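Okay, here's what each chain looks like letter by letter:
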Amino acid sequence: MSIITCIAPVNIAVIKYWGKRDESLILPTNDSISATLDTDQLHAKTTVMISPNFKEDRIWLNGKEEDIKNTRLQNCLREIRKRSQLSDYINDWKIHICSKNNFPTAAGLASSAAGYACLTAALAQLYKIQGDISIIARSGSGSACRSVMGGFVRWHMGLDKCGTDSLAKQIVPASHWPEMRILVLVVSDEQKKVPSAIGMKRSIETSELLKHRIMHVVPERTNKMQQAIIEKDFKSFAELTMKDSNQFHAVCLDTYPPCIYMNNISFDIMNLVHSYNNTVNDVKVAYTYDAGPNATLYLLEKDVPAMVGVLDYFFPPPENIENIKYKRGLSVEGVKPSQVLVEKLEFQKHPPGQLKYMIYTKVGDGPKYLNNPQDHLLNDQGNPINCF
């Protein structure tokens, strides 16, 4: 038998991918850019194992056995086995896969990106594959190609109809902008009503705004964003991030029937960010929302305590905070906002518990391999042990 365990990061897009020009190959209609989040706070963990004793391929996700015949999963396995460097007889052994996330799944926090990046990285190590694996990750979930590397990453849409040039490339490593920080505000950990794949297809078929975005907005905006990252220009980065998030959700509303991912608390967080930036007369915080209600805030490390203090004041923690871990990730203490600031913000204080919890993290590296046998999610017989 042979066994590999890997963890891979979440990535949160600042220039969004929404819409495919080829459904089966998962080829996007535009370039996208994301930040890879530190695996110490948010990650998918996957163990893959092949053995001559296994009777069939099997997979367990977050404690539940799933259908191994899932099309995207099969796409990934097929690409891996095609490039395998193992001998033919070992290559024919059946595989067991066990994976789990340490964050909400299907709630707009890029769980499929982390999951398929992790699966691809683990399989690549197991089957001794060298070179770029972002194309293989893309065959499972489009944005997964951005999670196979760290720092800030650009997924180039490519022009080839077969997708050979639709791959991810790192813009800069995590070490390039060490001051960058991320606050993930979890408004809901429930699964979204319209899965991203269905929402994208619906938008492609019905949204005129999406056509305009693809042709006239994203190409220039993506290049400006890349330049802002290289130059560490936070103001430009923040404004482009918020504008792109807003337009993405405008496309979702322009879709028919509309895909509504944000809720009232999502919009209130958005309004608070603008009110805060206007009050301090600077762009200190940027928000972005993927296909879900949860907010991801980008800000510099020096501005985190003040922003956490503002959030604690206007969105007080749940009253049973001793029973949950409300502030997760990196250690952070908020600075209580002054009464002058509170009055200037002119923002209504919410009742406790509108935010389920927050995760404080930073930009991090790509997938990592875990060599300690205790980290494996499968036992020697290939059965799950740590993913239930």
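This text goes with the structure placed above it.
This section reports on the structure supplied with the text. The structure displayed is predicted, hence computed values, not measured ones. (Residues numbered from 1 in each chain as written. Predicted model: local features only at pLDDT ≥ 70, side-chain atom pairs only at ≥ 80, totals over all residues. Heavy atoms only, no water.)

### Considering the environment of glutamate 65
(1) Moving on: With respect to the helices and strands, glutamate 65 occurs in strand β8 (residues 64–66).
(2) Moving on: On the accessibility criterion, glutamate 65 (38% relative accessible area) is partly exposed.
(3) Moving on: For the pair formed by glutamate 65 and cysteine 98, sequence separation is 33 residues and the distance between their alpha carbons is 8.7 Å.
(4) Moving on: Not counting residues up to four positions away in its chain, the partners in contact with glutamate 65 are Arg58, Ile59 and Trp60.
(5) Moving on: At a separation of 2.9 Å, a polar atom in the side chain of glutamate 65 contacts the side chain of arginine 58. (Helix = DSSP H or I, 4+ residues; strand = E, 2+ residues; numbered from the N terminus. Buried < 20%, exposed > 50% of the residue type's maximum accessible area, 1.4 Å probe, protein only. Contact = heavy atoms within 4.5 Å. Polar contact = N/O pair within 3.5 Å; in protein donor to acceptor, adjacent residues only side chain to side chain.)

### As for unusual backbone geometry
(1) Moving on: For the peptide bond that leads from tyrosine 256 to proline 257, omega is -10 degrees, which places it in the cis range.
(2) Moving on: Mapped onto the elements, proline 257 comes out in the loop between α7 (234–254) and α8 (264–279).
(3) Moving on: Positioned with a positive phi, lysine 128 is a non-glycine residue whose angle comes to about 55 degrees.
(4) Moving on: Secondary-structure assignment places lysine 128 in the loop between α3 (111–126) and α4 (134–138).
(5) Moving on: Residues other than glycine seldom take positive phi values, yet lysine 232 does so here, at roughly 55 degrees.
(6) Moving on: In this structure, lysine 232 sits in the loop between α6 (208–231) and α7.

### Quick look at the sheet that holds strand β10 (residues 152–156)
(1) Moving on: Within the open sheet, the 4 strands sit side by side as β2-β5-β10-β11. Their pairing is antiparallel. Here the strands that pair on one side only, and so sit at the sheet edges, are β2 (11–15) and β11 (167–172). Adjacent strand axes in the sheet meet at a mean angle of 35 degrees, parallel and antiparallel pairs treated alike.
(2) Moving on: Direction of pairing for strand β5 (residues 32–36) relative to β10: antiparallel, over a ladder of 4 bridges. Of the residues in β10, the one forming a bridge with isoleucine 33 is arginine 154.
(3) Moving on: Contacting β2 and β10, α7 crosses the sheet at an angle of about 95 degrees to β2. (Pairing = 2+ DSSP bridges. Axes fitted to C-alpha atoms, helices over the stretch in contact; angles between N-to-C directions.)

### A few points about the pairing of β2
(1) Moving on: Along β2, 5 of the 5 residues are buried, which leaves the element largely enclosed by surrounding structure.
(2) Moving on: Relative to β5, β2 is paired through 4 bridges, and the arrangement is antiparallel. Counterpart to asparagine 11 in the pairing with β5 is threonine 36.

Interpretation in functional terms is not warranted from these geometric data alone.
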